[in-house]
Structure formats: structure tokens, C-alpha cells
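Given next are the chains, with one letter for each unit.
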Amino acid sequence: MTVNLEVVEGVGTIRLDRPPMNALDIAVQDRLRELAQEAGDRDDVRAVILYGGEKVFAAGADIKEMQVMDHAAMVKRSRALQEAFTAVARIPKPVVAAITGYALGGGCELALCADYRIAADNAKLGQPEILLGLIPGAGGTQRLSRLVGPSKAKDLIFTGRMVKADEALSLGLVDRVVPAAEVYEQAHAWASKLAQGPALALRAAKEAVDQGLEADIDTGLAIERTWFAGLFATEDRERGMRSFVEEGPGKAKFV
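Residues numbered from 1 in each chain as written. Predicted model: local features only at pLDDT ≥ 70, side-chain atom pairs only at ≥ 80, totals over all residues. Heavy atoms only, no water.

1. Quick word on the overall build of the protein
Phase 1 of the analysis: The secondary structure content of the protein amounts to 11 helices and nine strands.
Phase 2 of the analysis: The C-alpha atoms of the protein give 19 Å as radius of gyration, which agrees with the globular expectation for 255 residues (18 Å, within 12%).
Phase 3 of the analysis: For the C-alpha atoms alone, the extent of the protein along its principal axes is close to 65 × 40 × 35 Å.
Phase 4 of the analysis: Taken across its 255 residues, the protein has 42% of its residues classed as buried.
Phase 5 of the analysis: If you sum the accessible surface of the protein, you get close to 13500 Å²; carbon and sulfur atoms cover 56% of it. (Helix = DSSP H or I, 4+ residues; strand = E, 2+ residues; numbered from the N terminus. Rg over C-alpha atoms; globule rule 2.2 N^0.38 Å. Buried < 20%, exposed > 50% of the residue type's maximum accessible area, 1.4 Å probe, protein only. Areas by Shrake-Rupley, 256 points an atom, 1.4 Å probe, with all protein chains shown as cover.)

Quick look at the structure:
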């Protein structure tokens, strides 16, 4: 399979496996959507890692596959392309991208679907679609601008330039830079810690932030208020508060 889901102790790793560069062809896109749905539905998956292996995250779309597509074909395909990436972005659990090597075009857009991004110190990221006479089509114009701001996003999209890990960190495109050999280990540590947390509260936090970003402040506060009050019906909330009162903060064991 071109993409696999491996689950160990609550952490699901969605692993791209299409050597040598993990080009995101139609088969990979469709498989990503399937596994994102599966990871979201499975109770034994509490947090997710997006990973392309030790050498490369994903160097972009399959250009040879796209080259033969005309306007009508891409009108039909572009929705499925975006839906595949949106399925990843909407996994209702914490998601971290472990970025090694290149994360370009669709690879960068896939990383943007994560909640947190850990990059190797030799990673290179960018949206080079303009160099093909195109624009990003898997959410890059939208998620990148929301993450780093419109002017920085336009610079990357207009020029198509690649940025090294240190610049990506300064732009806010990635959240942490670590030695290349430690990328997956660090991502797994992040995911493992959250896999022990209160699953419903983590889902609520993710949805409140994501949905609130698309709304005005009053609507966002209403979303927050609804989730906040709803969590008072959960066993995790009872455990968390009881543990805090009896044992102090940070000692609760959630179910």
C-alpha cells in the first residue's frame, strides 16, 4: 500500500510509503482520506503522526499524472483532492507532522493539515506550484495564510521558493526543529503524551479552535461555551477535578 496506518499504544502513524519521493498521486490521496477516516473512528487511536519516512516527507504531487489532465478532468478531481486533505485536517484527535527532507507543494499542504509540525534541521518546505503556472490546490492558499498570515503566505506562494527549517520556524510554518535522526522520536513523544489525555476534551479543544477561526468572535465564544459545558457530562471531567482536589494538578488518569 502507498499509505499505511500503524497503531501502537494509542498512537497511530499514517505513513506515506511511495518511494523515492512520496509523490502524492490519486491513489495516495484516496488512501489518505480512507486512513484519516479510520484513524478518527478507531477508539484505539488517541493521537496521530503524519510521517513520510527518514528521507522525505512528501515532495509534492505526481506531476506526470497531472500533466495529462485537462481542465474538465481537474474540475472533477480537485474536489476529491481537497476532500482528502480536509479529512486529515478534521481527524478529531491531536495530529503531529514529522517532517523530514522535502515537504513541497502537496507535501507542505499535508503538513499544514496537522495541529503541530516538527521538522528535521535539514527539511525544506514550500509551495512551488507557481513555477508550474499553477497555484496550490490542496488547501495551501487557505491553510498557509491562516497559519503564517497573508503576506508571508503570498511571498511563499508568489515566488515558489523553498525555505529551510530555520526560516520555516521563524515564519511559524513549523513549530519545532530537531536533528533529523530525532524527528519521529520527538513526534512520537508529543503524540504519546496526548494519547494519555482526556480524549473528549482534546477533541473539543481542537474543534473549538478550528471552528472558531472560521467564525466571528461571538460565534467562536458560543462554540467554546457549548463544548465547555458539555464536557461536564464526561467521566474524564469528574476524574480530572477529583484528582486535582485530592492529589494536586497533573495526576489524573483519564479513560
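Read on for the rest.
2. Here we look at the sheet that holds strand β3 (residues 47-51)
Phase 1 of the analysis: Read from one edge to the other, the open sheet built from six strands follows the order β1-β2-β3-β4-β6-β9, with strand pairing classed as mixed. If you trace the sheet from one side to the other, it starts and ends with β1 (3-8) and β9 (176-178), each paired once. Averaged over all neighbouring strand pairs, the angle between strand axes comes to 20°, with direction disregarded.
Phase 2 of the analysis: Sheet topology places strand β2 (residues 11-16) next to β3; five bridges connect them, and they run parallel. Looking at the pairing, Thr-13 lines up with Ile-49 of β3.
Phase 3 of the analysis: Contacts between helix α1 (residues 26-41) and the sheet are confined to β1, β2 and β3, with β1 contributing the most and set at about 20° to the helix.
Phase 4 of the analysis: Helix α8 (residues 183-195) contacts β2, β3, β4 (95-99), β6 (116-120) and β9 of the sheet and is inclined by roughly 175° relative to β4. (Pairing = 2+ DSSP bridges. Axes fitted to C-alpha atoms, helices over the stretch in contact; angles between N-to-C directions. Contact = heavy atoms within 4.5 Å.)

3. Some words on the layout of surface pockets
Phase 1 of the analysis: Taken as a whole, the largest pocket encloses approximately 1000 Å³ of empty space.
Phase 2 of the analysis: Lining the largest pocket are 36 residues, and of these Ala-89, Arg-143, Asp-210, Leu-213 and Glu-214 sit closest to its centre.
Phase 3 of the analysis: Among the elements of the structure, α3 (71-89), α5 (140-148), α8 and α9 (199-213) are those that each provide at least two residues to the lining of the largest pocket.
Phase 4 of the analysis: Of all the elements, α9 adds the most residues to the lining of the largest pocket, at eight residues.
Phase 5 of the analysis: Class assignment for the residues of the lining of the largest pocket results in 18 nonpolar, eight polar and 10 charged.
Phase 6 of the analysis: Lining the second largest pocket we find 28 residues, and of these Ala-61, Met-66, Leu-81, Leu-134 and Gly-137 sit closest to its centre.
Phase 7 of the analysis: Looking at the lining of the second largest pocket, the elements with two or more residues in it are α1, α2 (63-67), α3 and α4 (106-112). (1 Å grid on protein atoms, 1.4 Å probe; cavity = no way out; pocket = protein on both sides within 12 Å on 5 of 7 lines; lining within 4 Å. Points joined across faces, edges and corners; volume = space filled by probe spheres on them. Nonpolar A, V, L, I, M, F, W, Y, C, P; charged D, E, K, R; others polar.)

4. As for the nonpolar core
Phase 1 of the analysis: In this structure, Leu-50, Phe-57, Ile-99, Leu-125 and Leu-173 are the most contacted members of the largest nonpolar core, which totals 59 residues.
Phase 2 of the analysis: For Leu-173, the residues in contact, after removing those within four places along its chain, are Cys-108, Leu-112, Arg-117, Leu-125, Leu-144, Leu-147, Val-148, Leu-156, Val-163 and Ala-168. (Core = buried A, V, L, I, M, F, W, Y, C linked by side-chain atoms within 4.5 Å.)

5. Examining the environment of Ala-222
Phase 1 of the analysis: Among the secondary structure elements, Ala-222 is positioned in helix α10 (residues 217-230).
Phase 2 of the analysis: The partly exposed category is assigned to Ala-222, whose relative accessible area is 25%.
Phase 3 of the analysis: For the pair Ala-222 and Gly-53, spaced 169 residues apart in sequence, the C-alpha to C-alpha distance is 41 Å.

6. Details of the packing of aromatic side chains
Phase 1 of the analysis: Taken as a whole, this structure holds three aromatic pairs when the rule is applied.
Phase 2 of the analysis: Aromatic side chains Tyr-51 and Tyr-184 sit 4.7 Å apart centroid to centroid with 45° between the ring planes, which places their arrangement in the tilted category. One end of the pair, Tyr-51, is in strand β3; the other, Tyr-184, is in helix α8, with 133 residues separating them in the sequence.
Phase 3 of the analysis: Residues Phe-228 and Phe-232 carry aromatic rings whose centres are separated by 5.5 Å and whose planes lie at 75° to one another, so their mutual orientation is edge-to-face.
Phase 4 of the analysis: Phe-228 gets classed as exposed once you look at its relative accessible area, which sits at 56%. (Phe/Tyr/Trp six-rings, centres within 6.5 Å; stacked < 30°, edge-to-face > 60°.)

On their own, these measurements won't tell you what the molecule is for.
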